[in-house]
Amino acid sequence: MFIEGPISDSILGAATAVAKEGCGAQTIFVGRIRPDRMENQQVQCIEFTSQTAIAEQVTREIIEEGKQKFGIISAEVWHSLGKVYVGQPCFLVVVHGHHRNEAYQGLEYIVNEFKHRSPVFGKELLEDGTHSWKKNRH
Amino acid sequence: MNYGSKATTFSSKKTYFFKRSITIQHLFMPLSEPLFARVVFCRASPSNRSVPVLKKTAIFAKQNSGEFLGTGLVPAIRTRRQSACLFEMKVHVNYYGLLTDAASCSSEVVTLKNGSTLQNLQEQLRAKYSEFAPITLAFFVANKRCPANVPLKEGQVIDCMPPFAGG
């Protein structure tokens, strides 16, 4: 689930290439590093850290909840660790559903719950060499 | 470690010695029974700065030759430092995200009173690091998020986290 550095094109491609049995809809969310400005300084990259054991357990729970609540078939989540530069992908969620509505709802649920419950932390490295800590807007 | 020259409740004619460095095994100290401590007795020559404290008891009667004499429970007459071992515990705290900046470290050992809870740990950390004040902290023990009233144990590893910011 966690990979070092940005999510590669091969992972992005492979995520959509696999069709689950009974799948009629596949929804994908790709999170990228936004070119934010913090106190007049441009964000160069974000360095991600995590307590991965907890994050992986929580993510499994969230996916199970997605199955229970929306009837999705399955879901996969990838997140970067280490430095990811502006524009590069750092977060990928793929949801497989029987129909588009459950796939849409399941995707939104998993993305939001992951951001809220999974222990991942982002250190925004600024152009002047200082840093600030990323805060999620829920 | 002066275990206590007043610990003369064992009556016998023979005097034994224990070495300062190895006599009291902290791991064996029964924390639930603070009136007693389990110790390892060794015979030591007067030349190696051992401290004579206890006289032989029936427990050790057959073990009067050789270096190692055995272990046993003895009344706990303690120095302040020894009392600390009995009434305090240490836990290992890992910090994440902005807490690593606030604490200037990613982990540390924190000493708490025996019987402390996560709430006590949180109060102690907030008192130690003023930068923690505006931060909502989450605590995980054995990879599970725990409420504030959970009692802590000696040697536990605790993950202390600020609000998450992935995605």
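Residues numbered from 1 in each chain as written. Chains lettered and ligands numbered in written order. Predicted model: local features only at pLDDT ≥ 70, side-chain atom pairs only at ≥ 80, totals over all residues. Heavy atoms only, no water.

*Asks:* Before we move on, could you go through the packing of aromatic side chains and cite the residues and values that matter?
*Replies:* Under the definition given, this model contains eight aromatic pairs over all chains. Ring centres of F121 of chain A and F164 of chain B lie 5.8 Å apart, and the angle between their planes is 75°; on these two criteria the pair is classed as edge-to-face. Here F164 of chain B lies in the segment after β9 (157-161) and F121 of chain A lies in strand β7 (residues 120-126), a pairing that spans two chains. Their ring planes at 40° and their centres at 5.0 Å tell us that Y129 of chain B and F132 of chain B sit as a pair that is tilted. (Phe/Tyr/Trp six-rings, centres within 6.5 Å; stacked < 30°, edge-to-face > 60°. Helix = DSSP H or I, 4+ residues; strand = E, 2+ residues; numbered from the N terminus.)

*Asks:* Explain unusual backbone geometry residue by residue, including any values.
*Replies:* Even without glycine at this site, S104 of chain B takes up a positive phi of about 60°. Counting through the fold element by element, S104 of chain B comes out in the loop between α2 (98-103) and β6 (107-113).

*Asks:* Lay out the side chain of Q51 of chain A with the relevant residues and their values.
*Replies:* Assignment of secondary structure puts Q51 of chain A in the loop between β4 (41-50) and α2 (52-70). Among the polar contacts listed, one links the side chain of Q51 of chain A to the backbone nitrogen of A53 of chain A, at a separation of 3.1 Å. Not counting chain neighbours up to four residues away, the residues in contact with Q51 of chain A comprise P119 of chain A together with Y96, N143, D159 and M161 of chain B. (Polar contact = N/O pair within 3.5 Å; in protein donor to acceptor, adjacent residues only side chain to side chain. Contact = heavy atoms within 4.5 Å.)

*Asks:* Explain the interface of chain A and chain B residue by residue, including any values.
*Replies:* Facing 22 residues of chain A, the contacting portion of chain B comprises 15 residues. Approximately 1,400 Å² of surface area, both sides summed, lies buried where chain A meets chain B, with 62% of it carried by carbon and sulfur atoms. When the buried area of chain A at its contact with chain B is split by residue, I54, F121 and W133 of chain A rank highest and sum to 40% of it. In this assembly, chain A and chain B are joined by zero salt bridges. The interface formed by chain A and chain B includes four residue pairs in polar contact (both at pLDDT 80 or more). Within the residue set of the side of chain A that touches chain B, elements represented by two or more residues are β4, α2, β6 (89-97), α3 (100-117), β7 and β8 (131-133) of chain A. (Buried area = accessible area lost by both parts, 1.4 Å probe. Salt bridge = Lys/Arg side-chain N within 4 Å of Asp/Glu carboxyl O.)

*Asks:* Explain the pairing of β4 of chain A to me, and be specific about the residues and the numbers.
*Replies:* All names here are of chain A. Examined bridge by bridge, strand β3 (residues 37-38) and β4 share two bridges and lie antiparallel to one another. Within the sheet, the bridge partner assigned to M38 lies in β4 and is Q41. Between β3 and β4, which pair antiparallel and follow one another directly, the connecting turn spans two residues, one of which, E39, has a positive phi of 50°. Sheet analysis places β4 next to β7, joined by seven bridges and oriented antiparallel. Bridge pairing in β7 links I46 to E124. In terms of strand pairing, β4 meets strand β5 (residues 74-85) through four bridges, oriented antiparallel. Along β5, the bridge assignment pairs C45 with Y85. (Pairing = 2+ DSSP bridges.)

*Asks:* Please provide a residue-by-residue account of the nonpolar core, values included.
*Replies:* One finds F48, V77, F91, V93, V95 and I110 of chain A together with M161 of chain B to be the most contacted residues of the largest nonpolar core, which totals 33 residues. Among all residues touching V93 of chain A, those that are not within four sequence positions of it are T27, I28, F29, E76, V77, L107, I110 and V111 of chain A. (Core = buried A, V, L, I, M, F, W, Y, C linked by side-chain atoms within 4.5 Å. Buried < 20%, exposed > 50% of the residue type's maximum accessible area, 1.4 Å probe, protein only.)

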